[in-house]
Amino acid sequence: MTELKCRKRVLRRLGYCTAADVIELKGRVACELSSGDELLLTEMIFNGLFNALDVTQTAALLSCFVCDEKSNEMPKLSEALSGPLKQMQDLARRIAKVSVEAKLELEEDEYVEKFKPYMMDLVAAWCRGSSFGDICKMTDLFEGTLNVSSSFVHVILIPFFCTQQN
């Protein structure tokens, strides 16, 4: 029961519901998102992070939600990708701080690092029409990981764009 109270406190502090537990617009949007981290995706939407991004940048940024493996090499991201990544990490850090303040057991750095940028440049290349073979040469990640992760990016993109249109 204590964890439930803490989670409700987080939702109230982030503006997902009122003090009387009435769901606000942010809460309704979060409920519609079924893939990825609903709180972070909702914060990204309501903070306008996607407004200035093109489709390539959006898909690349959303790949952080599906990449489970750690690469041996950090991607060399352009400013067009590193800027949105930093904004996303700042929002994740804010969610983590609010969660810790609400007495939820959460390690801030661990939470932020769970959104891995190792596929961002690969997804951007894919969006620009690079072949799968060329993309495989860009990374040390296994081909199967790339294939499965690209399917998950697609799963996130569909409800995300539907939510953006409503």
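How each quantity is defined
Residues numbered from 1 in each chain as written. Predicted model: local features only at pLDDT ≥ 70, side-chain atom pairs only at ≥ 80, totals over all residues. Heavy atoms only, no water. Helix = DSSP H or I, 4+ residues; strand = E, 2+ residues; numbered from the N terminus. Buried < 20%, exposed > 50% of the residue type's maximum accessible area, 1.4 Å probe, protein only. Phe/Tyr/Trp six-rings, centres within 6.5 Å; stacked < 30°, edge-to-face > 60°. 1 Å grid on protein atoms, 1.4 Å probe; cavity = no way out; pocket = protein on both sides within 12 Å on 5 of 7 lines; lining within 4 Å. Points joined across faces, edges and corners; volume = space filled by probe spheres on them. Nonpolar A, V, L, I, M, F, W, Y, C, P; charged D, E, K, R; others polar. Arc of directions from axis to C-beta. Salt bridge = Lys/Arg side-chain N within 4 Å of Asp/Glu carboxyl O.

Caption draft 1: Local environment of the environment of Asp-109. Considering the arrangement of structural elements, one finds Asp-109 in helix 6 (residues 108-113). Looking at Asp-109, the relative accessible area reads 38%, which means it is partly exposed. Residues Asp-109 and Ala-92, spaced 17 residues apart in sequence, show a C-alpha to C-alpha distance of 9.4 Å.

Caption draft 2: Local environment of the packing of aromatic side chains. Following the criterion strictly, the structure yields 2 aromatic pairs and no others. Residues Tyr-111 and Phe-115 carry aromatic rings whose centres are separated by 5.4 Å and whose planes lie at 85 degrees to one another, so their mutual orientation is edge-to-face. Ring pairing ties together the aromatic residues Phe-65, Tyr-111 and Phe-115, which thus form one cluster.

Caption draft 3: A look at the layout of surface pockets. Its volume calculated, the largest pocket comes out at about 220 Å³. Lining the largest pocket, in full, are Arg-7, Val-10, Leu-11, Asp-37, Leu-39, Ile-95, Ser-99, Leu-104, Glu-105, Leu-106 and Tyr-111. Elements with a minimum of two residues in the lining of the largest pocket: helix 1 (2-14) and helix 5 (79-101). The biggest single contributor to the lining of the largest pocket is helix 1, with 3 residues. Tallied by class, the residues present in the lining of the largest pocket amount to 7 nonpolar, 1 polar and 3 charged.

Caption draft 4: Structural context of helix 2 (residues 25-32). Residues of helix 2 that are buried include every one of Lys-26, Gly-27, Val-29 and Ala-30, and no others. Summarising the axial view, the buried residues of helix 2 lie within an arc of 160 degrees, below the 170-degree limit, and thus occupy one face. Set apart from the buried face of helix 2 by more than 90 degrees, the exposed residues are Leu-25, Arg-28, Cys-31 and Glu-32.

Caption draft 5: Seen up close, the pattern of salt bridges. Evaluation of the coordinates by the stated rule reveals 9 salt bridges. One salt bridge in this structure joins Asp-90 and Lys-86, with 3.1 Å as the shortest N-O distance. Taken together, the residues span about one helical turn, with Asp-90 and Lys-86 both in helix 5 at a distance of 4 residues. Owing to a relative accessible area of 39%, Asp-90 belongs among the partly exposed residues under this scheme. Salt bridges sharing partners connect three or more residues here, namely Lys-8, Arg-12 and Asp-21.

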